[in-house]
Structure formats: C-alpha cells, structure tokens
Amino acid sequence: MSSTNVSLQPRSFGQTLRPDAWWAQPLLVFLGLSTFIVYSTWAAFQGEHYFSGPYLSPFYSPELWGASPHSLFGPKPGSWPAWLPFSPALLILWAPGGFRLTCYYYRGAYYKAFWADPPSCAVSEPRKRYRGENSFPLIMQNVHRYFMYVALGFILILASDVWKALWFTNVLTGKASFGIGVGTIVLAINVVLLGGYTFGCHSLRHLIGGFLDQPSKAPICRKGYNCVSCLNRRHMLWAWMSLFWVGFTDLYVRLCSMGIWSDWRIL
C-alpha cells in the first residue's frame, strides 16, 4: 500500500482560511466584559449611593454591614482595620462573581476574547501546546458547581429585595404602604433575568437529571431536566441579558440616590 509523507507547517497566530469576520464576536465579548468589569469594580469600591428608599443595589445585596436601613448586622464593625477599604459590596460579590467567572459559557467566551485560546474556531492561536483545564490554575474552574449552590441562594435574597421594594415609607408619618415604582420593576426584571441565567446553568442541569442514564425512569427528574434544558438552550442570551441588567440596576439605584434620576411612582 503506497503512502505519502505530508509535512504540516505550523501556522502563525491568527492565520485561517475563514473568509468571514471571525474576529467580530471575540472583540465584542472583550469590550462587553471589560466594560462590565471596570464599572462593577468601580461601583463596588464606592461604598455609597447604593440604596434609595426601599431599593438596594444587587451589587450590595445582602448588605451584611453598612450604612443603609437594609443592613443585616448594623454599621461597619468598629474593629475594621483603618488601612483596609470598606464597602458592603466587597464582602459578598465574590459569590456571584465566582459563579460567572467559572461559568461554562463565560469560560469559552473569555478564553477566546482575552487569551486567544483560540481566537475563534479554525483560527490559529499563539500557543504551541494545549493544556486544557487539568492543571493549576484552570483546574480551579471545577468549583463552579459549588458556586452554583450559593448563586441559588442569592436569587432568593434578590427576590426578597423586590418584595421590600414594594413598600414605601411615608417621611411624615413613618408608615410603610404598598406601592410600585419604576425601581421596583427594574429590580424585578433583574431577578427574572438572573433566575433565567442561574436556573439554566449546566451544573444545575446535571444535578437535576443529567446524571441519570435513563431519565425516563424518573419522571420528576425528567421534567426538571427538561425545564432546565429549555433555559440552557439560550444560556448565552440569559448570560448577557442578566449581566447588562444587573449593572443597569446598580446604575439606576445609584443615580436615584444621587438625585440625578427621580424614581417615578406607578402605584
């Protein structure tokens, strides 16, 4: 049987036979994630203008210690080191931040956009060797399933914030009455979008029924699996919509607190 030796020349970074604008999507991902990272980091370190009336920014919820009426344990602890910056957001953002950082979709997105690993499908990358996620530090991405448990708790906390956003205190009488403001709707949409993203998580899909060889033999698990799978089909869409909206929710509360925007009462 005849054979032919073919020598494959390694391609330089960015070489491809693709005729389309393959660079557009990773560029948009880079710009979108960079914008959110810069804004959320800035907002987290502010430590002020994160609440307005019954509204609490999701970047600061739950507020463990802080200056707002939403604080669970009162003001900043007196034992807090003077040299260490204090912000209620810095105490809790590790949880939702870690959930997104280790998310299966986001991993594929920022590997391409920030590390060019690879820049896109069928496009050569700058590395000669593929190590995958089997060694440090990327093996730490496997903690995603544990961040998922915490993220589910955050959905309940943010839902309780929406309930609190339905009660407005009269400054003259000090009594709270039911009402709906634009901020109430903003916070409610935030919970819906974050819920769609969280409940469509790949790890939750496995936990609900993906571990079964024959889901049909467990009807309850099968229904839950199908429900999560329905959300999972649009996981990228939920990821970006929830990312944008959680940032906008913080911005809305912040601008209302600063007096730049006025919250319009609908009811």
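Now for a description of the structure that goes with this document.

Conventions and cut-offs
- Residues numbered from 1 in each chain as written.
- Predicted model: local features only at pLDDT ≥ 70, side-chain atom pairs only at ≥ 80, totals over all residues.
- Heavy atoms only, no water.
- Helix = DSSP H or I, 4+ residues; strand = E, 2+ residues; numbered from the N terminus.
- Axes fitted to C-alpha atoms, helices over the stretch in contact; angles between N-to-C directions.
- Parallel < 35°, antiparallel > 145°, perpendicular 65-115°, else oblique.
- Contact = heavy atoms within 4.5 Å.
- Nonpolar A, V, L, I, M, F, W, Y, C, P; charged D, E, K, R; others polar.
- 1 Å grid on protein atoms, 1.4 Å probe; cavity = no way out; pocket = protein on both sides within 12 Å on 5 of 7 lines; lining within 4 Å.
- Points joined across faces, edges and corners; volume = space filled by probe spheres on them.
- Expected span 1.5 Å × (residues − 1).
- Buried < 20%, exposed > 50% of the residue type's maximum accessible area, 1.4 Å probe, protein only.
- Salt bridge = Lys/Arg side-chain N within 4 Å of Asp/Glu carboxyl O.

So, about unusual backbone geometry. Ser61 connects to Pro62 through a cis peptide bond whose omega is 5°. By the element assignment, Pro62 lies in the loop between strand E2 (55–56) and helix H2 (94–101). Notably, His49 is not glycine yet its phi reads approximately 55°, a positive angle. Structurally, His49 can be placed in the loop between helix H1 (24–46) and strand E1 (51–52). Even without a glycine there, the phi angle at Ala116 is positive, about 55°.

Before going further, it helps to examine the packing of H1 against helix H3 (residues 104–115). Relative orientation of the contacting elements H1 and H3 amounts to 105°, with a least axis distance of 8 Å. The pairing of H1 with H3 is recorded here as roughly perpendicular in orientation. Of H3, the residues touching H1 (which contributes Pro26, Val29, Phe30, Leu33 and Ser34) are Tyr106, Ala109, Tyr110, Lys112, Ala113 and Phe114. For the contact of H1 with H3, the per-class residue count stands at nine nonpolar, one polar and one charged.

Next up on the list: the layout of surface pockets. Approximately 770 Å³ is the volume found for the largest pocket. Lining the largest pocket are 29 residues, and of these Phe36, Pro96, Gly97, Arg100 and Leu243 lie nearest its centre. Contributing elements (two or more residues each) for the lining of the largest pocket: H1, H2, H3, helix H4 (144–164), helix H5 (182–198) and helix H8 (235–257). Considering every element that reaches the lining of the largest pocket, the biggest residue donor is H2, with seven residues. Grouping the amino acids of the lining of the largest pocket by side-chain chemistry returns 24 nonpolar, four polar and one charged.

Along its 12 residues, H3 runs 16 Å from first to last C-alpha, staying within 8% of the 16 Å computed at 1.5 Å per residue. Among the residues of H3, Tyr105, Tyr106, Arg107, Ala109, Tyr110, Tyr111 and Ala113 are the ones counted as buried. On its buried side, H3 packs onto H1, H2, H4, H5 and H8.

Now for the pattern of salt bridges. This structure, assessed with the given rule, holds two salt bridges. Put simply, Asp20 and Arg18 hold a salt bridge, and the shortest N to O gap is 2.7 Å. Asp20 sits in the partly exposed class, given a relative accessible area of 40%. Overall, Arg18 belongs to the partly exposed group, its relative accessible area being 27%.

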